[in-house]
Amino acid sequence: MATVIKTVNLTKRYGSLIALSNLNLTIEENDCFGFIGPNGAGKSTTIKILATLLQPTWGEARICDHVIGYQSRLIRPLIGYVPDYFGSYEDMVVQEYLEFFAATYNINGIGRTKVVNDALELTDLGYKRDSLVDALSRGMKQRLSIARVLLHNPKVLLLDEPAGNLDPRARIEMRELLKQLQRMGKTILISSHILPELQDLCNKVGIIERGELLFSGPWTDLIKQTQTGTIVRLAVQSRQDEAAQLLAGQPGVQHVSTDNGCLLVTLAGQVRDYSFIPQRLIAQGFNLTLLQEQQANLETAFMQLTRGIVQ
Ligand SMILES: Nc1ncnc2c1ncn2[C@@H]1O[C@H](COP(=O)(O)OP(=O)(O)O)[C@@H](O)[C@H]1O
Ligand SMILES: [Mg+2]
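The present account deals with the structure reproduced in this document. (Residues numbered from 1 in each chain as written. Chains lettered and ligands numbered in written order. Predicted model: local features only at pLDDT ≥ 70, side-chain atom pairs only at ≥ 80, totals over all residues.)

### Here's the deal with the site of ligand 1
- By nearness alone, 12 residues border ligand 1, and Tyr14, Ala19, Lys43, Ser44 and Thr45 come closest of all.
- Of all the elements in the fold, those that place two or more residues in the shell around ligand 1 are β2 (17–28) and α1 (43–50).
- Ranked by the residues each element gives to the shell around ligand 1, the list is headed by α1, at three residues.
- Across the shell around ligand 1, the residue classes tally to four nonpolar, seven polar and one charged. (Near = placed C-beta within 6 Å. Helix = DSSP H or I, 4+ residues; strand = E, 2+ residues; numbered from the N terminus. Nonpolar A, V, L, I, M, F, W, Y, C, P; charged D, E, K, R; others polar.)

### As for the nonpolar core
- Ranked by internal contacts, the top residues of the largest apolar core, which has 61 residues, are Leu50, Leu158, Ile188 and Leu189.
- Sequence-distant contacts of Ile188, defined by excluding residues within four places in its chain, comprise Cys32, Phe33, Leu157, Leu159, Leu178, Leu181 and Gln182.
- Among the nonpolar cores identified, the runner-up in size contains 12 residues, and Leu234, Leu263, Val265 and Ile277 belong to it. (Core = buried A, V, L, I, M, F, W, Y, C linked by C-beta atoms within 7 Å. Buried ≥ 20, exposed ≤ 12 C-beta atoms within 10 Å, placed from the backbone. Contact = placed C-beta atoms within 7 Å.)

### A few points about the sheet that holds β2
- Strand order in the open sheet formed by four strands is β2-β1-β4-β5, and the pairing between neighbours is antiparallel. The open sheet is flanked by β2 and β5 (66–67), the only strands paired with a single partner. (Pairing = 2+ DSSP bridges.)

### What to know about the packing of helix α5 (residues 138–150) against helix α6 (residues 168–183)
- Following both chains from N to C, one finds α5 and α6 inclined at 15°, their axes separated by 9 Å at the closest point. Judged by the inter-axis angle, α5 sits roughly parallel to α6. Of the two elements, α5 crosses α6, and the hand of that crossing is right-handed. Contacts between α5 and α6 involve Arg138, Gly139, Gln142, Arg143 and Ile146 from the former and Ala170, Glu173, Met174 and Leu177 from the latter.
- Tallied by class, residues from the contact of α5 with α6 come to four nonpolar, two polar and three charged. (Axes fitted to C-alpha atoms, helices over the stretch in contact; angles between N-to-C directions. Parallel < 35°, antiparallel > 145°, perpendicular 65-115°, else oblique. Left-handed = near helix turned anticlockwise from the far one by under 90°.)

Set out below in C-alpha cells:
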C-alpha cells in the first residue's frame, strides 16, 4: 500500500504553547483514519498543516510524497479540506455555491455542470439545489461542504469534525456518505471526539492528547493494547448491592461497578471462565435477568489511554 500522508516529528508552537509535539503519522492509500482527541489536543492544527494552510514550526509533512511548504502547489489539487466552521453565504443558492467553487478550480463549461450535478447527487442534495445556502440545516451544510471539496476529485479528504453538532439522523447520513467516499477509493482523515462513530467508519485511529500522539494504528490493536480483564455485564431482579458485594468477594473478580442499573464485573488478569458468576448468584437465590460479556470498544480504550487533560 502506498503511503499517502506522512508526518515526521511534526511540531507546532504558538508562542510558548506547544500545540503539536513531534507527531509521527502514517496514513496509507484508502485508509479511513480517525483522529481522536479532546478539545485543544491539536487535531485542527495538524489538519490545517496538512491542508497547506499553516506552517509547522519544525518537522516535515508529506502528501503523496510532496513536501508541504515546498510543494504545496502540487498538493492542493490532491486534497479536499473541510474546516470545522461553515461561513455565511448570503443570497447564494446551493447550485451557485458549488458552481462558484468549481470555477475557482478552473472547472468550466459542461464539465462544471457535470461535476456540480455529480457532487449534488452523491451528497443527496439535488433536491436542495435552489435553496439558499444559509437556510440549510447544519447536517445539509456539512454535506454541502463535502460536495464542495469533491468538485476537483481529490485523492485525499481532510475532514475536521464533520459530524460535530449534528443530530442523530444527520450523523448517520454523514457516516454513510463517508463510507461511500471510502468505497470510491478516497483516503480520508477525519477528526472527531465522537468515538462510536469512528469505530464503525475507520480502519485506523490516532489518539492525540496535548499535542502528543498516544497511539496510531488499527483500532483493534488499540483495544487489545488497552484491554485488561474480561468484563461481564449482568443484572439481577432485586438486591443489586448484595449481589455486588457477593461478587466482589469472589476469587477471580478484580472489580465490580454499577452502570445503568447493571453490574459490571471485571475479572482478574487471565480469568476467562465466568461460569462461577451465575452459579454463585443462583445458589444465593438471585434472579438473573442479564448476563453478557462486555465488548471492549473504542470508547473504553480511549478512556483508558487518555486522562482527560485539556490544555
Ligand atoms: N492561532 C492560534 N494561536 C494560539 N494558540 C492556538 C491557535 N490555534 C490553536 N491554538 C492552541 O493550540 C492548541 C491546539 O488547538 P487545536 O489544534 O485547535 O486543537 P483541537 O482541534 O484538537 O481542538 C490549543 O491549546 C489551542 O488553544
Ligand atoms: Mg479542532
